[in-house]
Amino acid sequence: MGFEVSESMHSVIIIGSGCAGNTAAIYTARAGLKPLVIGGHEPGGQLSLTTEVENFPGFPEGIMGPQLVENMKQQAVRFGAEYVSGKVDEADLSKRPFRLRVEGEWLECRALIVASGASARWLGLPNEQKLIGHGVSSCATCDGFFYRGKKIMVIGGGDSAMEEANFLTRFGEEVTIIHRREEFRASKIMLERAQANPKIKWMLNTIVEDIFDVEQGVVTGVQLKNKKTGESWRQDVDGFFLAIGHVPNTQPFVGQLDLDAEGFIVSHGGARTNISGVFHAGDVEDRVYRQAITAAGAGCRAAIEAERMLEAEGH
Ligand code: NAP
């Protein structure tokens, strides 16, 4: 067995330990439901990948992302939430109690809150992961402020890249969009807005080959290559923002929960999914806001719905 849990049957299991999962844990724990939180493959969620969080209400001086999620977890533990590390490999939601296989062990629950998030898609470059939080970011709203007067790059050709590039022109001395093609996936209106912004420069048909400088522990530049001409060159940059999409962590629920074409959970109103007793919270469903505070709010909502359902059933 990969971990120890007090029992295999639970009133509530929460999948995910980011803002949504931790908030759902605080609420369900305070309601006396002793939730079990399955940490997931990125414990702490997206916040654990950022540095300082300045826009979460209640912290006038800001707070480090990993500290914020750890605080939430401690708050939930104080009220009796139990945490295990590991991820859900398989789920059987065909009847209640729902069954989940976690690290080879089957667990059961009456109510399930899926707060497994969406992981930012990365380019997969060796140095990219080493420089996350030190110049490499997947969230302009979170980290843009730190690049005031600096050189910024945004990678991608979708709506997120356009939106993030526009947002980042508030801070950066210059913002360059790097896109691997000439055509854009972005909607016309978002593209035109970015094209009309004089602070945005464009490098099309361009791919990123490497990011520097791991030895200095901070982003100083990138190696770029023009796919058409084959030319490769080094370009100085301070902030490197990925906007190449997010991948929702819904693999175990394919064919059971209603998912959209990209795998995000389709809401059936409030925190409800198509399966009674299974609730969603946070980025696993939210393609629009994707903020720590909105995920926390969604966790609260899912917890209240789960609590009310269990109470109505006499559990
Ligand atoms: P997206 O539409 O899937 O676009 C991803 C972009 O990243 C594409 O241009 C893609 O290039 C590029 N890309 C993917 N993998 C790459 C790789 N390995 N290397 C280089 N480039 C890569 O994702 P998104 O922009 O995050 O948008 C997701 C959804 O949210 C969309 O439905 C979008 O409309 C919506 N959204 C809406 C708003 C808004 O309306 N305010 C804002 C943000 C997002 P290719 O085009 O070559 O595949």
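Residues numbered from 1 in each chain as written. Predicted model: local features only at pLDDT ≥ 70, side-chain atom pairs only at ≥ 80, totals over all residues. Heavy atoms only, no water.

J.: I'm lost on the sheet that holds strand β16 (residues 232-236) in this one. Help?
T.: Sheets are built from strands paired through backbone hydrogen bonds, the pairs being either parallel or antiparallel. What the three strands build is an open sheet, ordered β14-β15-β16; its pairing is antiparallel. The sheet terminates laterally at β14 (206-212) and β16, the two strands that pair on one side only. Neighbour-to-neighbour, the strand axes of the sheet open up by a mean angle of 30°, direction not taken into account. One ladder, built from five bridges, connects strand β15 (residues 221-226) with β16; its direction is antiparallel. Paired with L224 across the bridge in β16 is W233. (Pairing = 2+ DSSP bridges. Helix = DSSP H or I, 4+ residues; strand = E, 2+ residues; numbered from the N terminus. Axes fitted to C-alpha atoms, helices over the stretch in contact; angles between N-to-C directions.)

J.: Honestly, the site of the ligand in this entry has me stumped. Any pointers?
T.: Among the 16 residues in the neighbourhood of the ligand, the closest are listed as D159, S160, R180, R181 and R185. R180 places a side-chain nitrogen or oxygen 2.8 Å from an oxygen atom of the ligand. Take R185: an N or O atom from its side chain is 2.6 Å from an oxygen atom of the ligand. Contact with the protein chains covers 73% of the free accessible surface of the ligand, which is 910 Å². Considered class by class, the residues forming the shell around the ligand number four nonpolar, six polar and six charged. (Near = heavy atom within 4 Å. Polar contact = N/O pair within 3.5 Å; in protein donor to acceptor, adjacent residues only side chain to side chain. Areas by Shrake-Rupley, 256 points an atom, 1.4 Å probe, with all protein chains shown as cover. Nonpolar A, V, L, I, M, F, W, Y, C, P; charged D, E, K, R; others polar.)

J.: Sorry if this is basic, but what is going on with the pattern of salt bridges here?
T.: A side chain with one charge may pair with a side chain of the opposite charge, provided their charged atoms come close. Within the structure shown, the criterion is met by eleven salt bridges. For K151, the salt bridge is made with E173, and the minimal N-O distance between the two is 4.0 Å. Taken together, the residues K151 in strand β11 (residues 151-155) and E173 in the loop between α5 (159-168) and β12 (174-178) connect sequence positions 22 residues apart. Judged by its relative accessible area of 48%, E173 is partly exposed. (Salt bridge = Lys/Arg side-chain N within 4 Å of Asp/Glu carboxyl O. Buried < 20%, exposed > 50% of the residue type's maximum accessible area, 1.4 Å probe, protein only.)

J.: How should the packing of helix α1 (residues 19-30) against helix α7 (residues 292-312) be read in this particular structure?
T.: Two numbers describe a pair of packed helices, the interaxial angle and the distance between the axes. Put simply, α1 and α7 touch, their axes get as near as 7 Å, and they point 40° apart. Considering the angle they form, α1 stands oblique to α7. Of the two elements, α1 crosses α7, and the hand of that crossing is right-handed. Mapping the contact onto sequence places C19, A20, T23, A24, Y27 and T28 in α1 and A292, A295, A296, G299, C300, A303, I304 and E307 in α7. Its residues assigned to classes, the contact of α1 with α7 comprises ten nonpolar, three polar and one charged. (Parallel < 35°, antiparallel > 145°, perpendicular 65-115°, else oblique. Left-handed = near helix turned anticlockwise from the far one by under 90°. Contact = heavy atoms within 4.5 Å.)

J.: Please explain the domain arrangement of the protein chain as it appears in this structure.
T.: Interface extent is often summarised as the accessible area lost during association of the parts. Per the domain assignment, the segments making up the protein chain are domain 1 (9-119 + 246-312) and domain 2 (122-242). Measuring from the centre of the C-alpha atoms in domain 1 to the corresponding centre in domain 2 gives 31 Å. Contact residues are listed per partner, giving nine residues for domain 1 and ten residues for domain 2. Both sides together, the interface formed by domain 1 and domain 2 hides about 790 Å², and carbon and sulfur atoms give 48% of it. Interface area lost by domain 1 to domain 2 is led by L49, T51 and E54, which between them contribute 44%. On the surface where domain 1 and domain 2 come into contact, there are one residue pair in polar contact (both at pLDDT 80 or more). Taken together, the residues that form the side of domain 1 that touches domain 2 break down as one nonpolar, five polar and three charged. (Domains from an automatic or database assignment. Buried area = accessible area lost by both parts, 1.4 Å probe.)

J.: Is there a simple way to explain unusual backbone geometry in this structure?
T.: The phi torsion of most residues other than glycine is negative, and most of the peptide bonds are trans. In this structure, the amide linkage connecting R96 to the following residue, P97, adopts the cis form with an omega of 0°. Position of P97 relative to the elements: it lies in the loop between β6 (88-92) and β7 (98-102). Backbone geometry at K34 places phi at a positive 45°, although glycine is not the residue there. Its location among the elements puts K34 in the loop between α1 and β2 (36-38). Despite not being glycine, R290 shows a phi value in the positive range, around 55°. Mapped onto the fold, R290 is located in the loop between β19 (278-280) and α7.

J.: I tried to follow helix α2 (residues 65-78) on my own but got confused; where do I start?
T.: Count 3.6 residues to each turn of an α-helix, and residues three or four apart come out pointing the same way. Relative to the 20 Å expected for 14 residues at 1.5 Å per residue, α2 spans 20 Å between its end C-alpha atoms, a close match to the ideal helical length. Check the buried side of α2 and you find it contacts α1, β3 (52-53), β4 (63-64) and β5 (82-84). Of the residues trailing α2, G80 is marked for its positive phi of about 105°. (Expected span 1.5 Å × (residues − 1).)

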